[in-house]
Amino acid sequence: MNKTHESAIGFLGGTFDPIHFGHLRPALEIQEALNLQSLYLMPNYIAPHKATSLASTEQRIEMVKLAIQDNPRLQLNIQELLRTSPSYTLETLKLLRSQYPNTPICFIMGMDSLINFDSWYHYQYILDYCHIVVSHRPGWSPIFNETVSQMVAEHQTLDTTQLHSTLHGCIYFQSTTQLDISSSQIRQLLANNQSIDFLTPHPVCNYIKEQNCY
């Protein structure tokens, strides 16, 4: 693992359709707990043929901007939206590494993603480009298969300073507040003409209503 003198940055991907407190609270907790320079919210590409009942790319960008406008520690990264098709995580990380050659990168995922990690495209190369930070609810003890168990045993660190002192190669588990909120739940409430207040920041609520996003 290459040594570095720059503090780490984080990336959290998602459709954010719409973004809500279930995304934002864990993101902020990880940024603070790991003392990341910034944590970037990275909206995923959605194929146009799937967008009939979803917000447009421009609307998803604007909703993320509105959600984080008062917290400079959370930032927006739109590189996935500049593509013309969905990309594998490995491809995204290669691009991020080229953009940040001397900065440790923390790629944030949920525990469910780690459990199925060995099904990801070329999963065995992902730690060559980043650290993995696993967001999980307090007290959760997952059961991994043999492949993922071995990977965790080889790469897990309990020392957050390693996430800053090396460019890649570590797995770190971070307990976060897990709010039972989903974007699909919000869209269903809107379809039923019910309030979405207190599920997503007020500016996002207003924007959704004004733009008739769903």
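Residues numbered from 1 in each chain as written. Predicted model: local features only at pLDDT ≥ 70, side-chain atom pairs only at ≥ 80, totals over all residues. Heavy atoms only, no water.

Caption draft 1: Quick look at the overall build of the chain. In terms of helices and strands, the chain carries eight helices and six strands. Secondary structure of the chain in N-to-C order comes out as β-α-β-α-β-α-β-α-β-α-α-β-α-α. Over its C-alpha atoms, taken along the principal directions, the chain stretches across nearly 50 × 35 × 35 Å. A buried classification covers 47% of the 214 residues belonging to the chain. The long-range fraction of contacts in the chain, counting pairs at least 24 apart against all pairs at least 6 apart in sequence, stands at 77%. Put simply, the chain shows about 10,900 Å² of open surface, and 48% of that area lies on carbon and sulfur atoms. (Helix = DSSP H or I, 4+ residues; strand = E, 2+ residues; numbered from the N terminus. Buried < 20%, exposed > 50% of the residue type's maximum accessible area, 1.4 Å probe, protein only. Contact = heavy atoms within 4.5 Å. Areas by Shrake-Rupley, 256 points an atom, 1.4 Å probe, with all protein chains shown as cover.)

Caption draft 2: Fine view of the sheet that holds strand E5 (residues 131-136). What the six strands build is an open sheet, ordered E3-E2-E1-E4-E5-E6; its pairing is parallel. A strand with exactly one partner marks an edge of an open sheet, and here the two such strands are strand E3 (74-76) and strand E6 (171-175). Neighbour to neighbour, the strand axes of the sheet diverge by 30° on average, direction disregarded. Both strand E1 (residues 9-14) and strand E2 (residues 39-43) contribute to a ladder of five bridges, which runs parallel. What sits directly across from Gly13, in E2, is Met42. Lying over the sheet, helix H2 (residues 57-68) contacts E2 and E3, oriented at roughly 160° with respect to E3. (Pairing = 2+ DSSP bridges. Axes fitted to C-alpha atoms, helices over the stretch in contact; angles between N-to-C directions.)

Caption draft 3: Structural context of the environment of Asn206. Assignment of secondary structure puts Asn206 in helix H8 (residues 202-211). Put simply, Asn206 and Ile196 are 10 residues apart on the chain and 10.0 Å apart in space, counted from C-alpha to C-alpha.

Caption draft 4: Expanded view of helix H1 (residues 21-34). Between its first and last C-alpha, H1 extends 20 Å over 14 residues, near the 20 Å set by a 1.5 Å rise per residue. Three or more residues of H1 are buried, namely His23, Leu24, Pro26, Ala27, Leu28, Glu29, Ile30, Gln31 and Leu34. Following H1 by one or two positions, Asn35 has its phi on the positive side, about 55°. (Expected span 1.5 Å × (residues − 1).)

Caption draft 5: Spotlight on the packing of aromatic side chains. Per the stated rule, a full pass over the model turns up six aromatic pairs. Geometrically, the ring pair formed by Tyr88 and Tyr121 is stacked, given 3.9 Å between the ring centres and 15° between the ring planes. With a gap of 33 residues between them, Tyr88 in the loop between E3 and helix H3 (89-99) and Tyr121 in the loop between helix H4 (111-115) and E5 connect regions that are remote in the sequence. Judged by its relative accessible area of 44%, Tyr88 falls in the partly exposed class. Aromatic side chains Phe117 and Tyr123 sit 6.0 Å apart centroid to centroid with 75° between the ring planes, which places their arrangement in the edge-to-face category. For Phe117, a relative accessible area of 0% corresponds to the buried category. Each residue in the set Phe107, Phe117, Trp120 and Tyr123 is aromatic and connected to the rest through ring pairs, giving one cluster. A cation over an aromatic ring shows up here: Arg137 above the ring of Trp140, its NZ or CZ 4.4 Å from the ring centre. (Phe/Tyr/Trp six-rings, centres within 6.5 Å; stacked < 30°, edge-to-face > 60°. Lys NZ or Arg CZ within 6 Å of the ring centre and 35° of its normal.)

Caption draft 6: View of the pattern of salt bridges. As enumerated under the stated definition, the model contains five salt bridges in all. A salt bridge links Glu29 to Arg25; its shortest N-O distance comes to 2.8 Å. In this pair, Glu29 and Arg25 both sit in helix H1, four residues apart, roughly one turn of the helix. Here Arg25 falls in the partly exposed class, since its relative accessible area comes to 37%. In this structure, Arg83 and Glu80 form a salt bridge, with 3.2 Å as the shortest nitrogen-oxygen distance. Given the relative accessible area of 24%, Arg83 is considered partly exposed. Exposure remark for Glu80: the relative accessible area of 6% places this residue in the buried category. (Salt bridge = Lys/Arg side-chain N within 4 Å of Asp/Glu carboxyl O.)

Caption draft 7: Spatial organisation of unusual backbone geometry. With an omega of 5°, the peptide bond between Asp17 and Pro18 qualifies as cis. Tracing the backbone through its elements, the reader meets Pro18 in the loop between E1 and H1. With a phi angle near 50°, Phe16 is a residue other than glycine that sits in the positive phi range. The phi torsion at Asn35 lies on the positive side, around 55°, for a residue other than glycine. Classification of Asn35 as exposed rests on a relative accessible area of 56%.

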